[in-house]
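# Fold and geometry: a report
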Amino acid sequence: MRDSWSGSDLHLELDPARKRRAALESALRTAIQDGRLTAGTLLPSTRALATELALSRGTVTAAYDQLAEEGFLTIRPGSGTRVADIPQTPAPPPAVLTEPPAHDLRPGRPAAGTFPTRAWLAATRRVLHHAAHATPDPQGQLELRTALAAHLGRTRGVRTDPTRIVVTSGYHQAVTLLAHVLRQNGVRTTAYEDPGHNAYREAVQRGGLTTTPLPVDARGAQVESLTTEKAVFLTPSHQYPLGVPLHPHRRRAIRTWARSTGALIIEDDYDGEFRYDRQPIGALQALAPDHVVYAGSISKTLSPNLRLGWLALPHHLVSPFVQAKEEADTHTETLTQLVLADLIASHAYDRHIRACRLRYSRRRRLLLDRLAAFSHLTVHGVPAGLSTLVTGMNEQQALAVCTTARIALRGLTELHQDPGTSPGGLLIGFAAPSDSAYPAALTALSNALTTGRLN
């Protein structure tokens, strides 16, 4: 511990851009915080320090008084001014900056460059004059619920009406609140596709429900294995991550199961708009509206940053879900709802989806052309969605090689409920890179698959 001040071994550099008193306070405060001035050190008198730093005595006195008020100094008449005994906070470790990937091939990410900026701004201008006077509604703005009911009926075959739609802050909130509501209604166990989206599976589990793995094969979820579960989470139009639709026989079988047992089907139609070889498969909800919760969002069609989703619910779940939504965050942000409602009503949303469908279809073909050079790899799924599953390699080795090449994609293993016993594979997204960046991303991927000898 230093007993007294020594100007020779402690240099106080005052910031010339600040006022003299503030600069002195800052310099002394920093010297105390970083340990250069330790507890108990006797500081020079105000007169001596003023002379040493070419300041007025009043400036030094005011600085000492301020730091004493803050607890950094103790001033005792006749004993001088000393550094107070304050706990030393260790310096945090230097921040590790994560280098962004050079090639973004992560699954499920739409291209940022496709966002319909002009149409969005035009819709915003149209709704702004009455948005400020809109009454927030925990169920969602009536304008959006009305537009969604018509749009989903026309494009996805969903049988619903505005009174049965609830708007949420994205699908993650929807599934989290739904798990809570189901538990309140006596549900304890639910089936969940395996493999399936792990983040949403975990959200269901955090909601208090136990998830039993529902195996998936080339015909989709093996619904015939369902037994006593009271609910099941499905991606029937385009299973995530295997990329297959639920076979028609199984669609009928699960409808029969739900009707006979009173169980609930939660249909995640996360990218049902994007089918490239035929018309998109209609929603499962149309077969049993009173037994299916239909979930959708704009995270794949517009942007995940907008955090806007919806549920089309059976009548008996509307009231408890609206209550859960109101308790969670009162209501979803209003302006975005009104803008989306305008986009849908003006058909700008339909035009945007058609343009994206053409763009993503070309992207997928380019990816498959590159993968065709690797005879040991198998491409799974139908022409749909924003990503493709590829198997036939050592997943961990593949991920390591791609990480070194700064290629971001996703492994299949982590999407299983029990990753330790699951086969490996790569989920390769083809939508996110810009048009100028996509060819380089495909070349980098091809080089990684070649040099890594991933077989």
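Computed from a predicted structure; not experimentally measured.

### Regarding the overall build of the protein chain
- When you go through the protein chain residue by residue, the secondary structure sums to 13 helices and 17 strands.
- For the C-alpha atoms alone, the extent of the protein chain along its principal axes is close to 95 × 60 × 45 Å.
- Within the protein chain, the proportion of its 455 residues that are buried is 51%.
- When contacts within the protein chain are restricted to residue pairs at least 6 apart in sequence, those whose partners lie at least 24 apart make up 73%.
- Total accessible area on the protein chain stands at roughly 21,200 Å², and carbon and sulfur atoms take up 53% of it.

### Some details on helix α9 (residues 315-329)
- In this model, α9 (15 residues) spans 22 Å end to end at C-alpha, consistent with the 21 Å of a helix rising 1.5 Å per residue.
- Those residues of α9 that are buried lie in contact with β5 (165-168), α6 (171-184), β10 (264-268), β11 (292-297) and β12 (309-312).

### Some points on the pattern of salt bridges
- Applying the stated criterion across every chain yields a total of 18 salt bridges.
- Between Asp194 and Arg201 there is a salt bridge, and its shortest N-O distance comes to 3.9 Å.
- Arg201 gets classed as buried once you look at its relative accessible area, which sits at 4%.

### Comments concerning the nonpolar core
- With 56 residues, the main nonpolar core has Leu340 and Tyr360 as its most contacted residues.
- Once residues lying within four places of it in the same chain are set aside, the contact partners of Leu340 are Leu144, Ile298, Leu302, Leu308, Trp310 and Tyr349.
- In this structure, Val187, Tyr200, Val204 and Ile266 belong to the second largest nonpolar core, which totals 28 residues.

### What about helix α5 (residues 142-156)?
- Between its first and last C-alpha, α5 extends 20 Å over 15 residues, near the 21 Å set by a 1.5 Å rise per residue.
- Within α5, the full set of buried residues consists of Leu144, Arg145, Ala147, Leu148, Ala149, His151, Leu152 and Arg156.
- Looking at the buried residues of α5, the elements they touch are β5, β11, β12, α10 (334-345) and α11 (348-371).

### Overview of the pairing of β11
- A large share of β11 lies buried, amounting to six of its six residues.
- Alignment of β10 against β11, held across four bridges, turns out to be parallel. The partner of Ile266 across the bridge, within β11, is Val293.
- Bridging between β11 and β12 involves four bridges; their strand directions are antiparallel. The residue of β12 that forms the bridge with Ala295 is Leu311.

### Digging into the layout of surface pockets
- By volume, the largest pocket is sized at about 810 Å³.
- In this structure, the largest pocket is lined by 40 residues; those nearest its centre are Gly108, Tyr200, Ser299, Lys300 and Pro304.
- When contributions to the lining of the largest pocket are tallied by element, the ones reaching two or more residues are α6, β6 (189-194), α7 (198-206), β9 (231-234), β10 and β11.
- The leading source of residues in the lining of the largest pocket is β11, at three residues.
- Counted by class, the lining of the largest pocket contains 20 nonpolar, eleven polar and nine charged residues.
- The volume enclosed by the second largest pocket comes to roughly 230 Å³.
- Together, His151, Arg154, Thr155, Arg156, Gly272, Glu273, Gln279, Pro280, Asp350, Ile353, Arg354 and Arg357 line the second largest pocket.
- Mapped onto the lining of the second largest pocket, the elements with two or more residues apiece are α5 and α11.
- Taken together, the residues of the lining of the second largest pocket sort by class into two nonpolar, four polar and six charged.

### Section: the sheet that holds β10
- Reading across from one edge, β5-β12-β11-β10-β9-β6-β7-β8 is the order of the eight strands in this open sheet, with mixed pairing throughout. At either end of the open sheet lies a strand with only one pairing partner, and these are β5 and β8 (220-221).
- Summarising the sheet, β9 and β10 pair through four bridges and their orientation is parallel. Note that in β10 the partner of Phe233 across the bridge is Ile266.
- The strands that α6 touches are β5, β9, β10, β11 and β12; relative to β10, the one it contacts most, it runs at about 175°.
- Along the sheet face, helix α8 (residues 248-261) touches β7 (210-217), β8, β9 and β10 and points at about 155° away from the line of β9.

The rules behind these values
- In every chain, residue numbers begin from 1 and rise along the written sequence.
- The model is predicted, so local features are restricted to residues of pLDDT at least 70 and side-chain atom pairs to those at 80 or more, both for listing and for counting; the totals for chains, interfaces and linings are taken over all residues.
- Here the side-chain values reflect all heavy atoms present in the structure, with hydrogen atoms and water set aside.
- Helix numbers and strand numbers start at the N terminus; a helix is a DSSP run of H or I with at least 4 residues, a strand a run of E with at least 2.
- When a residue's accessible area, from a 1.4 Å probe over protein chains only, is under 20% of the maximum for its type it is buried; when over 50% it is exposed; and in between it is partly exposed.
- Whether two residues touch is decided by their heavy atoms; if any such pair falls within 4.5 Å, the residues are in contact.
- Calculation of accessible area relied on Shrake-Rupley with a 1.4 Å probe; when residues are assessed, cover is drawn exclusively from the protein chains displayed.
- Expected span of a helix: the number of residues minus one, times 1.5 Å.
- Take a side-chain nitrogen of Lys or Arg and a carboxyl oxygen of Asp or Glu: if they are within 4 Å of each other, that pair is a salt bridge.
- For our purposes a nonpolar core is just a set of buried Ala, Val, Leu, Ile, Met, Phe, Trp, Tyr and Cys residues, chained together by side-chain atoms within 4.5 Å.
- At least two DSSP bridges between two strands are needed for those strands to be called paired.
- Residues are called lining when one of their atoms sits within 4 Å of a cavity or pocket point, these points coming from a 1 Å grid over the protein atoms alone, where a cavity is a set in which a 1.4 Å probe fits but cannot get out and a pocket is an open set with protein on both sides within 12 Å along at least five of seven lines.
- Grid points are joined across faces, edges and corners, and a volume is the space filled by probe spheres set on the points.
- Each residue is assigned to one of three groups, with Ala, Val, Leu, Ile, Met, Phe, Trp, Tyr, Cys and Pro labelled nonpolar, Asp, Glu, Lys and Arg labelled charged, and all others, Gly among them, labelled polar.
- Each axis is a line fitted through C-alpha atoms, and for a helix only the stretch in contact is used; angles between axes span 0 to 180 degrees, taken between their N-to-C directions.

So far we have only geometry, and geometry alone does not tell us how the molecule works.
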